[in-house]
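The residues making up each chain are set out below.
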Amino acid sequence: MKRRQFNTEREKAFIGLMMSMPTQERQKELLLCDLNSLAKAMTDYSNVKIETFAEALEPPYRQEFIKTVKMHKGEIPFPTQKVNRRKIQKQHYTKAVLAASILILLIFLLDWLMP
């Protein structure tokens, strides 16, 4: 089932209707909505209205929703992704270098002993 997106003006007008709904009806409607597009559409509302609107959500989702709306408003910066770079472990290279040097030494030694 596709969730309700808030991209057009008509759908954004539905937000005002949802604000006037009682909390229990708003909870049922929020289950059918895409919360990320709703957060983008609610950038025109004040923080107080957003917090009263988000009371219909469960507590962990409530804080995330308020935080997401503030990010889309520009009050909080979006989180940056950390780039995990693997450290080169020298132990892997030391064994290979040691084995290669022993082979080269063995080749020169055998070449010198058996011309």
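This report concerns the structure included in the present document.

Regarding its fold elements, the chain presents six helices and zero strands. The order of α-helices and β-strands along the chain, N terminus first, is α-α-α-α-α-α. The C-alpha radius of gyration of the chain comes to 31 Å, more than 25% above the 13 Å expected for a compact globule of 115 residues. Referenced to the eigenvectors of the C-alpha coordinate spread, the extents of the chain come out at roughly 95 × 30 × 25 Å. Residue pairs in contact within the chain that sit at least 24 positions apart in sequence constitute 56% of those at least 6 positions apart. On the chain, roughly 9,700 Å² of surface is accessible, and the fraction owed to carbon and sulfur atoms is 58%. Of the side-chain charges in the chain, 19 are positive and 12 negative, and the distance between the mean point of each set is 7 Å.

Counting residues in each nonpolar core, the largest one holds 19 residues, and the members touching the most others are Phe6, Met18, Leu30, Leu38, Met42, Phe53 and Phe65. Breaking this core down by element, the ones donating at least two residues are helix H1 (9-20), helix H3 (35-41), helix H4 (47-53) and helix H5 (59-73).

With 15 residues, H5 extends 21 Å between its outermost C-alpha atoms, agreeing within 8% with the 21 Å of an ideal straight helix rising 1.5 Å per residue. By the burial criterion, the buried members of H5 are Phe65, Ile66, Val69 and Met71. Residues of H5 that are buried sit in contact with H3 and H4. Of the residues one or two after H5, Gly74 is the one with positive phi, at around 100°.

For the rest of this paragraph, the subject is the pattern of salt bridges. In total, this model carries one salt bridge according to the counting rule given. Note that Arg4 is salt-bridged to Glu29, the shortest N-O span being 3.9 Å. Of this pair, Arg4 sits in the segment before H1 while Glu29 is found in helix H2 (residues 23-31), placing the two residues 25 residues apart along the sequence. Since its relative accessible area comes to 33%, Arg4 is described here as partly exposed.

Attention now goes to the packing of aromatic side chains. What the rule picks out here adds up to one aromatic pair. If you follow Arg4 out to its NZ or CZ, it ends over the ring of Phe14, 4.2 Å from the centre.

With that settled, the discussion passes to the environment of Gln27. Following the sequence through the fold, Gln27 ends up in helix H2. With 83 residues separating them in the primary sequence, Gln27 and Leu110 have C-alpha atoms 83 Å apart.

With that settled, the discussion passes to the side chain of Arg26. Relative to the helices and strands, Arg26 resides in helix H2. Setting aside residues up to four positions removed in sequence, Arg26 forms contacts with Met18, Met19, Met21, Thr52, Phe53 and Ala56.

What follows is about H1. Across its 12 residues, H1 extends 18 Å between first and last C-alpha, which sits within 8% of the 16 Å expected from 1.5 Å per residue. Residues of H1 that are buried in the fold lie against H2, H3 and H4.

Quick look at a nonpolar patch on the surface now. Among the surface-exposed residues, Leu103, Leu106, Leu109, Leu110, Trp112, Leu113 and Met114 lie close enough to one another that they form a single nonpolar patch of about 790 Å² accessible area. Mapping Leu109 onto the fold places it in helix H6 (residues 90-113).

Parameters and conventions
Residues numbered from 1 in each chain as written. Predicted model: local features only at pLDDT ≥ 70, side-chain atom pairs only at ≥ 80, totals over all residues. Heavy atoms only, no water. Helix = DSSP H or I, 4+ residues; strand = E, 2+ residues; numbered from the N terminus. Rg over C-alpha atoms; globule rule 2.2 N^0.38 Å. Contact = heavy atoms within 4.5 Å. Areas by Shrake-Rupley, 256 points an atom, 1.4 Å probe, with all protein chains shown as cover. Lys, Arg positive; Asp, Glu negative; His and termini not counted. Charge placed at Lys NZ, Arg CZ, Asp CG, Glu CD. Core = buried A, V, L, I, M, F, W, Y, C linked by side-chain atoms within 4.5 Å. Buried < 20%, exposed > 50% of the residue type's maximum accessible area, 1.4 Å probe, protein only. Expected span 1.5 Å × (residues − 1). Salt bridge = Lys/Arg side-chain N within 4 Å of Asp/Glu carboxyl O. Phe/Tyr/Trp six-rings, centres within 6.5 Å; stacked < 30°, edge-to-face > 60°. Lys NZ or Arg CZ within 6 Å of the ring centre and 35° of its normal. Patch = residues over 30% accessible without salt bridge, like charges linked within 9 Å, V, L, I, M, F, W, Y side chains within 5 Å.

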